[in-house]
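If you want the building blocks of each chain, they are given just below.
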Amino acid sequence: QVQLVESGGGLVQPGKSLRLTCFGSSIILNDYVMGWYRQAPGLQRELVAVIRNSGMTTYGDSVKGRFTISRVNANNTVFLQMNSLKPEDTAVYYCNARPTRRGVEYWGQGTQVTVSS
């Protein structure tokens, strides 16, 4: 059974950093575009960042220059380094695996990130 498990969320002050980790079990990351999305209360889920096997990345406009996504396929792990955090970054962050060919898309359960003084 495929599982994506996020960790690293928590409460942090504005301007500080956090690193989120997504570990995939029973999944070969090579076969997927990996990404992070977030959802704040009352808002739609939005793209934070995605990374392809080539290493090519795409970021949401609100996080460009502050967040960095990376992946280590051999360890089935994807990271999201978040710097210069702002209160508007507060949300539940979800890990996503989208197949490069036909297949099932997977989501993690989410990890809460709260940015507040």
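Residues numbered from 1 in each chain as written. Predicted model: local features only at pLDDT ≥ 70, side-chain atom pairs only at ≥ 80, totals over all residues. Heavy atoms only, no water.

**Details of the overall build of the protein**
Within the protein, the secondary structure is distributed over zero helices and 11 strands. From first element to last, N terminus to C terminus, the protein shows the α and β order β-β-β-β-β-β-β-β-β-β-β. Its C-alpha radius of gyration of 14 Å places the protein within 12% of the 13 Å reference for a compact globule of 117 residues. Overall, the C-alpha framework of the protein stretches about 40 × 25 × 25 Å when taken along its three principal axes. Taking all 117 residues of the protein together, the buried fraction comes to 42%. Looking at the protein alone, contacts between residues at least 24 apart form 54% of all its contacts between residues at least 6 apart. A total accessible area of about 6400 Å² is found for the protein, and carbon and sulfur atoms account for 47% of it. Here the protein carries 12 positive and 7 negative side-chain charges, and the mean point of each set is 5 Å from the other. (Helix = DSSP H or I, 4+ residues; strand = E, 2+ residues; numbered from the N terminus. Rg over C-alpha atoms; globule rule 2.2 N^0.38 Å. Buried < 20%, exposed > 50% of the residue type's maximum accessible area, 1.4 Å probe, protein only. Contact = heavy atoms within 4.5 Å. Areas by Shrake-Rupley, 256 points an atom, 1.4 Å probe, with all protein chains shown as cover. Lys, Arg positive; Asp, Glu negative; His and termini not counted. Charge placed at Lys NZ, Arg CZ, Asp CG, Glu CD.)

**So, the state of the cysteines**
With the rule as written, the count across this model stands at one disulfide. Each sulfur of the disulfide joining Cys22 and Cys95 lies 2.1 Å from the other. Taking the sign of the torsion about the S-S bond as the criterion, the disulfide between Cys22 and Cys95, at about -80°, is left-handed. Separated by 73 residues along the polypeptide, Cys22 in strand 3 (residues 18–25) and Cys95 in strand 9 (residues 91–99) bring together distant segments of the chain. The residues Cys22 and Cys95 share a single accessibility class, namely buried. (Disulfide = S-S within 2.5 Å.)

**Comments concerning the pairing of strand 8 (residues 77–82)**
In terms of burial, strand 8 is a largely internal element, five of the six residues being buried. Bridge analysis of strand 3 against strand 8 gives six bridges, and the strand direction is antiparallel. Paired with Thr21 across the strands is Phe79, a residue of strand 8. Pairing of strand 7 (residues 67–72) with strand 8, which is carried by six bridges, proceeds in the antiparallel orientation. (Pairing = 2+ DSSP bridges.)

**A closer look at the sheet that holds strand 1 (residues 3–7)**
Taken in spatial order, the four strands of this open sheet run 1-3-8-7, and their pairing is antiparallel. Of all strands in the sheet, those bounded by a partner on one side alone are strand 1 and strand 7. Mean inter-strand twist for the sheet, computed between neighbouring axes without regard to direction, equals 15°. With five bridges connecting them, strand 1 and strand 3 associate as antiparallel partners. Paired with Val5 across the bridge in strand 3 is Phe23. (Axes fitted to C-alpha atoms, helices over the stretch in contact; angles between N-to-C directions.)

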